[in-house]
Amino acid sequence: MSLAQFVVWAPHRSSVTLMIKKVGDSTPVGVAMERDDEGWWIPAESLPHDGLGEFDYGFVLDGSDTVLPDPRSRRQPNGVHGWSRTFDADQFSWSDQKWTGKQLAGCIIYELHVGTFTTEGTLTAAIDRLDHLVKLGIDFVELMPVNAFNGPHNWGYDGVHWYAVDEGYGGPLGYLQFVDACHRAGLGVIQDVVYNHLGPSGNYLPHFGPYMRNDSGANIWGDSPNLDGEESDEVRRYIIDNALMFLTDYHVDGLRLDAVHALHDTRATHLLEELNIAVSARSTFLRRPMPLIAESDLNDPRLITAREGGGYGLTAQWSDDFHHALYVSLTGDTSGYYADFDSLTALGKVFESGFFHTGTRSSFRGRTHGHPIDTWRTPTWRLVVCSDNHDQIGNRAKGERLSGKISPAQQAIAAMLTLLSPFTPMIFMGEEWGAATPWRFFTSHPEPELAEMVRAGRLEEFAQMEWDTSDVPDPQDPRTFEVSRLDWSELERPRHAELLALTRRLITIRRTYPDFTNPSFDEGRALSNDEGGWLLLERGDMIMVVNFRDRATEVDVGRAVDPVITIGQIEVVGDVVRMGPHSAVAADATQDLVFSAHPRPDVTVQGSSGDRF
């Protein structure tokens with residue numbers, strides 16, 4: 001045990017006392033602390049048992065009667081309001097010594113929420129499902145936030161102890177076991193981290209120092225960290241040290257940075273750039289990739305532009321425009337922020353340019369939005385795309401998955417366009433088999449007034465989207481959480497098993513034909529026809545043609561093609577593809593097939609707008 005576990009930053013306090021007791025002891029011991037010139041307090045007396053063993057501890061500030069948990073606590077066994085407990089990750093016996101990490105380029109991400117991925121809702125139970133992900137062809141498991149939050153269940157974005165893994169999921173030991181098991185299975189781990197706000201219950205950071213903004217610093221989700229005010233250096237270090245903890249102590253392979261557009265930072269070096277510098281240095285030392293993926297709705301290419309080119313140098317960012325354009329093409333829903341994506345040209349533009357809004361007017365925002373990507377210098381894989389994710393599902397009024405809004409054939413089309421796109425595809429848990437279970441927004445705040453604020457906030461959000469608010473599930477109702485768990489027995493049913501088989505085949509095709517993953521934007525071309533309801537995508541010598549409508553159509557692709565996978569009713573006659581309702585084809589358009597060395601999976605998926613494949 002090291003004294004470093006019992007230091008705390010409290011620059012404005014006149015006294016700090018460490019309260020500590022060995023686990024199992026009933027009587028805590030008070031240890032006086034002394035302050036250094038930077039506001040850090042260090043034990044000034046000997047620790048009980050010479051600091052050896054496992055301890056519960058907390059801090060008393062300025063002689064208060066309240067023992068507060070450690071801002072850098074690694075464990076909160078009794079909840080976010082309880083005492084902290086020591087945890088030494090160095091004592092864990094790793095089996096991943098030969099693990100060298102994964103590059104993001106060419107990979108597929110699987111997003112999961114620990115609490116609803118299995119019936120048990122634990123990291124240990126999730127380990128038992130890793131074989132499913134391996135067989136599917138997944139490269140990275142992306143865990144939604146696991147930091148400690150108040151209450152038994154939560155999406156994770158209300159976390160208040162950024163250094164502690166929630167005990168309900170298995171605590172830090174369960175987390176280490178999960179990461180180790182992923183590496184044994186050949187899977188990388190990306191951790192979703194939230195640095196733009198703190199949750200509303202159990203945030204004790206302001207008691208210790210100026211961690212939070214004091215100039216109307218709350219965003220719509222909670223209090224925002226002080227990234228650019230007085231004494232913000234230590235706050236930024238608090239965040240960067242947290243990232244390095246996951247990447248180093250817990251062997252995590254990369255981070256997904258939540259809602260970076262909500263980071264308020266006016267300093268010359270943005271937090272994201274400073275974070276990238278620190279992570280790049282650690283990646284160099286440990287000799288393994290550590291991708292940083294930003295979630296941003298700004299459509300700002302600076303996030304993924306190299307630092308040498310004036311950007312922040314992050315590895316990748318989400319492209320919400322891909323989701324929105326695909327969603328509207330499949331459902332016809334143009335409410336709220338979907339309004340600008342009401343033409344198939346929107347989806348075509350995303351395939352060609354990465355974003356739809358590239359300095360164009362956004363009717364939802366009432367202004368121009370976004371900036372063009374330098375498609376000559378930026379590889380396509382720097383954009384993470386999906387047909388569904390936790391936000392898009394959970395923020396629908398009833399938590400409906402896309403699979404609950406469209407036919408099986410349309411689900412197959414969504415899978416094809418996402419998995420055979422040149423971007424980095426992401427699958428939300430259960431999407432691979434068209435899960436019928438919803439995934440709703442759920443909370444378990446013990447405070448009645450906070451629970452009511454959440455309910456009211458949800459209704460206000462839905463009103464802005466022009467949605468019916470008469471039957472919105474109560475986030476605080478335990479049933480809202482319970483029905484959001486995956487039902488793994490669905491895999492035994494033909495409809496779900498067939499979509500799962502299709503998903504696996506699409507991933508095989510993605511890894512069979514290099515044109516699908518060619519990272520050059522210039523290798524792609526898109527043509528669309530709203531009246532005919534079709535979209536033609538070219539990637540080198542590979543093409544995809546999709547009929548989004550519930551009526552037949554035909555498309556002249558201008559050259560002979562050899563289908564590698566079909567969805568629905570497809571007939572190729574010369575240069576013309578005749579398409580039944582809700583159908584699609586991916587095909588090899590190589591002119592001289594004599595020299596083609598690609599193995600050809602023989603895959604045909606039959607279906608129509610109302611039938612199974």
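So, here's what we can say about the structure.

Calculation rules
Residues numbered from 1 in each chain as written. Predicted model: local features only at pLDDT ≥ 70, side-chain atom pairs only at ≥ 80, totals over all residues. Heavy atoms only, no water. 1 Å grid on protein atoms, 1.4 Å probe; cavity = no way out; pocket = protein on both sides within 12 Å on 5 of 7 lines; lining within 4 Å. Points joined across faces, edges and corners; volume = space filled by probe spheres on them. Helix = DSSP H or I, 4+ residues; strand = E, 2+ residues; numbered from the N terminus. Nonpolar A, V, L, I, M, F, W, Y, C, P; charged D, E, K, R; others polar. Pairing = 2+ DSSP bridges. Axes fitted to C-alpha atoms, helices over the stretch in contact; angles between N-to-C directions. Polar contact = N/O pair within 3.5 Å; in protein donor to acceptor, adjacent residues only side chain to side chain. Contact = heavy atoms within 4.5 Å. Salt bridge = Lys/Arg side-chain N within 4 Å of Asp/Glu carboxyl O. Buried < 20%, exposed > 50% of the residue type's maximum accessible area, 1.4 Å probe, protein only.

A closer look at the layout of surface pockets
Here is step 1: Estimated volume of the second largest pocket: approximately 590 Å³.
Here is step 2: Looking at the second largest pocket, it is lined by 31 residues, and the ones nearest its centre are Ala306, Gly313, Leu314, Thr315 and Arg382.
Here is step 3: Here the lining of the second largest pocket gets 5 residues from one element, more than from any other, and that element is helix H7 (residues 271–286).
Here is step 4: Among the residues forming the lining of the second largest pocket, the class breakdown is 15 nonpolar, 9 polar and 7 charged.

Overview of the sheet that holds strand S26 (residues 570–573)
Here is step 1: Pairing within the open sheet is antiparallel, and its 3 strands lie in the order S24-S27-S26. At either margin of the open sheet sits one strand with a lone partner, and together these are strand S24 (553–556) and S26. Sheet twist, expressed as the average angle between the axes of neighbouring strands with direction ignored, equals 20°.
Here is step 2: In this sheet, strand S27 (residues 576–579) lies alongside S26 in antiparallel orientation, the contact comprising 4 bridges.

Things to note about the sheet that holds strand S19 (residues 383–385)
Here is step 1: Spatially, 8 strands are ordered S7-S8-S11-S14-S15-S16-S19-S20 in a closed barrel, and the strand pairing comes out parallel. Across this sheet, the average inter-strand angle for adjacent strands is 25°, counted without regard to direction.
Here is step 2: Strand direction decides the pairing type here: strand S8 (residues 140–143) and strand S11 (residues 188–193), joined by 4 bridges, are parallel. Its bridge partner lying in S11, Leu143 is registered against Gln191.

Details of the side chain of Gln392
Here is step 1: Tracing the backbone through its elements, the reader meets Gln392 in helix H10 (residues 390–394).
Here is step 2: A polar atom in the side chain of Gln392 sits 3.1 Å from the side chain of Tyr338.
Here is step 3: Once residues within four sequence positions are removed from consideration, Gln392 is found in contact with His323, His324, Tyr337 and Tyr338.

Concerning the pattern of salt bridges
Here is step 1: Tallied over the full model, the rule gives 27 salt bridges.
Here is step 2: Notably, a salt bridge pairs Glu274 with Arg236, separated by 2.9 Å at the nearest N-O pair. Of the two residues, Glu274 sits in helix H7 while Arg236 sits in helix H6 (residues 232–249), which places them 38 residues apart along the sequence.
Here is step 3: In this structure Arg236 comes out as buried when scored by relative accessible area, which is 1%.

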